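Inside the fold
Listed below are the residues making up each chain.
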Amino acid sequence: NIEVRHVLTYEASEPPSNGSTGAISLEMNQSMIVLPEDKMQPRLCDERVGFFSVEMTDYGRDEQKAARRCYITRWRLEPSDPEAWARGELVEPVKPIVYYIDPATPMKWRPYLKQGVEDWNEAFAAAGFKNAIIAKDPPSPEEDPEFSPEDVRYSVIRYFSSPIQNAFGPHVHDPRTGEILESDIGWYHNVMNLLRNWYFVQTAAVNPEAQRVKFEDEVMGQLIRFVAAHEVGHTLGLPHNWGSSYAYPVDSLRSPTFTATHGTAPSIMDYARFNYIAQPGDGVTNFMPRIGEYDKWAIEWGYRPIPEARTPDEERPILNRWVVERADDPRYFYGRQSGARIDPRAQNEDLGDDAVKASTYGLANLKRIVPNLIAWTEENGKNYDDLEELYEQVVAQWNRYAGHVARNIGGVYETYKTYDQEGVVYEPVPEARQREAMAFLNREVFATPTWMLDADVLRRIEHAGAIERVRRLQVGVVELVLDPQRLARMIEAEALMGDATYTPLEMLDDLRAGLWRELARGEAIDPYRRNL
Ligand SMILES: [Zn+2]
């Protein structure tokens with residue numbers, strides 16, 4: 001390998017520091033290795049199982065068109081003892097996946113990051129491997145004088161002392177085969193604030209651990225472990241599976257035994273977050289997602305060797321059989337991430353198989369949090385910044401619940417299939433579900449959310465702004481429902497199905513009846529509703 005370090009100076013119109021120089025200097029490291037001479041056998045993509053991929057046009061194939069080829073990205077895992085593996089024993093791979101902890105990482109969080117990495121061994125067991133993925137502390141200069149987080153030969157969980165509230169999990173792969181060669185996960189210090197906010201707003205109503213501004217280290221450690229496992233999942237080749245959480249019935253998420261073993265969704269790669277459905281008295285104590293049935297299945301599908309197949313095309317019928325065998329089980333459903341979120345099953349930040357029911361429980365919990373916000377953030381000598389931040393989190397969460405329900409209206413289920421499977425790929429959301437969604441919006445979103453308008457809280461954080469805040473959020477939901485693309489889908493559904501769907505006219509009638517409800521009844525209209 002070759003490592004090149006250099007300092008590059010660029011002209012900059014808005015440099016982050018030393019503005020008068022009009023320049024920015026960056027230290028760069030280029031790390032180069034030769035691609036493997038012995039190419040890994042690629043595995044063909046399948047849109048029914050989520051994997052990051054590498055695409056190419058292969059003119060060498062005997063096809064009468066410019067044929068697109070798509071290979072999944074994955075690490076090269078080969079059984080160290082193929083005979084034992086073939087007998088069904090768990091065997092170690094020839095070369096395990098190794099992650100080093102960045103030497104800059106605070107000591108107390110290192111064990112949790114390592115757990116988040118090694119949690120994936122449970123999934124690799126489904127493909128017949130043990131000790132497939134290992135987390136290590138950074139080597140000392142005596143142990144390995146060449147170690148550097150920038151060096152492509154080392155995969156590292158980088159730690160950044162930064163106010164950014166995020167983490168990421170990319171990888172570098174062989175463009176010929178999709179073989180993942182290296183990965184550097186990044187986590188920013190302030191992702192802890194993001195985790196605090198989510199865990200608080202989603203679980204504090206029923207979870208004493210979350211009823212405070214600063215959590216116990218063990219609680220934050222488990223939250224960091226969750227983020228680490230999610231990001232590691234990306235670096236194993238798995239994209240978000242936003243459709244995963246739809247597999248679990250809402251009522252199961254109120255069960256202490258179910259949630260203790262299943263978390264909140266079959267995939268940690270969903271944006272499933274924490275259990276906001278559990279109600280006081282349910283006795284739920286595990287609120288976090290974990291590596292689940294879908295993750296194990298996806299790793300098995302992508303990583304289980306198929307020794308009898310000598311080419312990617314020979315693997316195809318076997319891979320297809322594995323998918324078709326599980327296609328009727330929602331735990332193995334892959335719902336891709338998309339900006340438009342046309343399929344309401346595949347949404348971020350949602351839980352359960354029924355958005356109206358889930359959001360109703362979630363709202364009931366938010367209504368329990370607001371009267372406690374002051375007590376749970378209280379500290380002598382402190383100003384109200386934390387109160388303001390967590391109040392805004394309550395409002396944001398309410399907005400998420402509204403969106404989860406609203407996207408059922410004019411929604412279309414997208415279930416990728418092949419010819420050997422029953423049914424169509426695209427189906428409108430059932431009519432009754434769309435009607436229920438609109439009724440929920442009229443009841444919980446367009447009606448004034450008086451529970452949120454707590455003067456004790458508001459008058460500690462702002463001189464004014466509540467009326468405008470409610471208007472802005474409500475208008476956002478009206479605009480979401482009246483999105484021209486959504487209406488176009490509803491018009492097309494009516495054109496093809498007639499009255500057997502929720503028609504745009506019925507939807508607009510229901511929306512109008514809700515927004516102008518007081519006129520029909522001769523009731524007074526409050527300032528929030530006048531503003532809407
Ligand atoms: Zn992610």
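Because the structure is predicted, anything quoted here is derived from the model rather than measured. (Residues numbered from 1 in each chain as written. Predicted model: local features only at pLDDT ≥ 70, side-chain atom pairs only at ≥ 80, totals over all residues. Heavy atoms only, no water.)

Tallying secondary structure elements over the chain gives 18 helices and 13 strands in all. Over its C-alpha trace the chain gives a radius of gyration of 26 Å, about what one expects of a compact globule, namely 24 Å for 532 residues. In terms of its C-alpha atoms, the chain occupies a principal-axis envelope of roughly 80 × 65 × 55 Å. For the chain, buried positions account for 51% of its 532 residues. Contacts spanning at least 24 positions in sequence make up 73% of the contacts within the chain whose residues lie at least 6 apart. As displayed, the chain offers around 25,100 Å² of accessible surface, 51% of which is attributable to carbon and sulfur atoms. Looking at the chain, you have 59 positive and 84 negative side-chain charges, and the mean spots of the two groups are 3 Å apart. (Helix = DSSP H or I, 4+ residues; strand = E, 2+ residues; numbered from the N terminus. Rg over C-alpha atoms; globule rule 2.2 N^0.38 Å. Buried < 20%, exposed > 50% of the residue type's maximum accessible area, 1.4 Å probe, protein only. Contact = heavy atoms within 4.5 Å. Areas by Shrake-Rupley, 256 points an atom, 1.4 Å probe, with all protein chains shown as cover. Lys, Arg positive; Asp, Glu negative; His and termini not counted. Charge placed at Lys NZ, Arg CZ, Asp CG, Glu CD.)

Before going further, it helps to examine the packing of aromatic side chains. Here the structure, examined in full by the defined rule, presents 19 aromatic pairs. Their ring planes at 55° and their centres at 5.9 Å tell us that F168 and Y188 sit as a pair that is tilted. Of this pair, F168 sits in strand β8 (residues 167-168) while Y188 sits in strand β11 (residues 184-188), and the two are 20 residues apart along the sequence. According to the relative accessible area criterion, F168 is partly exposed, its value standing at 31%. With a centroid separation of 6.1 Å and 75° between ring planes, the pair formed by W297 and Y332 is classed as edge-to-face. Of this pair, W297 sits in helix α7 (residues 293-303) while Y332 sits in the loop between α8 (312-326) and α9 (355-369); the two residues are 35 residues apart in sequence, bridging distant segments of the chain. What links up through ring pairs into an aromatic cluster is the set Y199, F215, F226 and F274. Stacked on the ring of W198, the Lys or Arg R273 has its end atom at 3.7 Å from the ring centre. (Phe/Tyr/Trp six-rings, centres within 6.5 Å; stacked < 30°, edge-to-face > 60°. Lys NZ or Arg CZ within 6 Å of the ring centre and 35° of its normal.)

What the domain assignment reports for the chain is domain 1 (1-32) and domain 2 (379-532). A straight line from the C-alpha centre of domain 1 to that of domain 2 covers 46 Å. (Domains from an automatic or database assignment.)

What follows concerns the coordination of the zinc ion. Octahedral metals with six donors have ideal donor angles of 90 or 180 degrees. Tetrahedral metals with four donors have an ideal donor angle of 109.5 degrees. Taken together, H230 (NE2), H234 (NE2) and H240 (NE2) make up the full set of protein donors to the zinc ion, lying 2.0 to 2.1 Å away. Spacing between the donor residues of the zinc ion along the chain follows H-x3-H-x5-H. Separated by four residues within a single helix, H230 and H234 lie in helix α5 (residues 217-235), roughly one turn from each other. The same class applies to H230 and to H234, which are both buried. (Donors = N, O, S within 2.8 Å, 3.2 Å for Na, K, Ca; no water.)

Inspection of the secondary structure puts A229 in helix α5. A relative accessible area of 1% means that A229 is categorised as buried. Taking C-alpha positions, A229 is 7.8 Å from I291, a pair spaced 62 residues apart along the chain. Setting aside residues up to four positions removed in sequence, A229 forms contacts with G116, W120, I268 and I291.

Turning our attention to the packing of helix α4 (residues 191-203) against α5. For any two helices packed against each other, the geometry comes down to the angle between their axes and how far apart the axes lie. In contact at an axis separation of 10 Å, α4 and α5 are set at 105° when each is read in the N-to-C sense. As summarised for this structure, α4 and α5 are arranged roughly perpendicular, according to the angle between their axes. Within the contact between the two elements, α4 uses M192, L195, R196 and Y199 and α5 uses V219, M220, L223, I224, F226 and V227. Looking at the contact of α4 with α5 residue by residue, the class counts come to nine nonpolar, no polar and one charged. (Axes fitted to C-alpha atoms, helices over the stretch in contact; angles between N-to-C directions. Parallel < 35°, antiparallel > 145°, perpendicular 65-115°, else oblique. Nonpolar A, V, L, I, M, F, W, Y, C, P; charged D, E, K, R; others polar.)

Next up on the list: the packing of α9 against helix α12 (residues 431-445). Contact geometry for α9 and α12: axes closest at 10 Å, N-to-C directions at 15°. Judged by the angle between their axes, α9 and α12 are roughly parallel. Two packed elements cross with a definite hand, and for α9 against α12 that hand is left-handed. Residues V356, S359, T360, L363 and K367 of α9 pack against E436, A437, F440, R443 and E444 of α12. (Left-handed = near helix turned anticlockwise from the far one by under 90°.)

For the rest of this paragraph, the subject is α8. Between the first and last C-alpha of α8 there are 21 Å, a value that for 15 residues agrees with the 21 Å anticipated at 1.5 Å per step. Along α8, the residues that are buried comprise P312, E315, I318, L319, N320, W322 and V323. In the core, the buried residues of α8 are packed alongside β4 (67-72) and α7. (Expected span 1.5 Å × (residues − 1).)

On to unusual backbone geometry, then. The phi torsion at R341 lies on the positive side, around 45°, for a residue other than glycine. Looking at the element boundaries, R341 is found in the loop between α8 and α9. With a phi angle near 65°, E349 is a residue other than glycine that sits in the positive phi range. Considering the arrangement of structural elements, one finds E349 in the loop between α8 and α9.

Here the focus is the environment of E92. On the secondary structure map, E92 appears in the loop between α1 (82-86) and β5 (97-101). The class for E92 is partly exposed, based on a relative accessible area of 36%. What E92 contacts, discounting residues up to four positions off in sequence, is E78, P79, S80, F129, K130 and N131. A polar contact is formed between the side chain of E92 and the side chain of N131, at a distance of 2.7 Å. (Polar contact = N/O pair within 3.5 Å; in protein donor to acceptor, adjacent residues only side chain to side chain.)

This part takes up the state of the cysteines. The tally for this structure, following the rule as stated, stands at one disulfide. Shown here is the disulfide that connects C45 with C70, its sulfur atoms set 2.0 Å apart. Measuring handedness by torsion sign, the sulfur bridge of C45 and C70 sits at about -75° and is left-handed. Residue C45 is located in the loop between β2 (23-32) and β3 (53-58), and its partner C70 is located in strand β4; the two are separated by 25 residues in the primary sequence. (Disulfide = S-S within 2.5 Å.)

Below, the discussion takes up the nonpolar core. One broad trend across soluble globular proteins is that nonpolar side chains are buried collectively. With 128 residues, the main nonpolar core has W120, F124, W187, L195, L236 and L441 as its most contacted residues. It is helix α11 (residues 385-406) that provides the largest number of residues to this core, a total of 10 residues. With residues near it in sequence (within four places) discarded, L195 still touches F215, M220, L223, I224, F226, V227 and F274. (Core = buried A, V, L, I, M, F, W, Y, C linked by side-chain atoms within 4.5 Å.)

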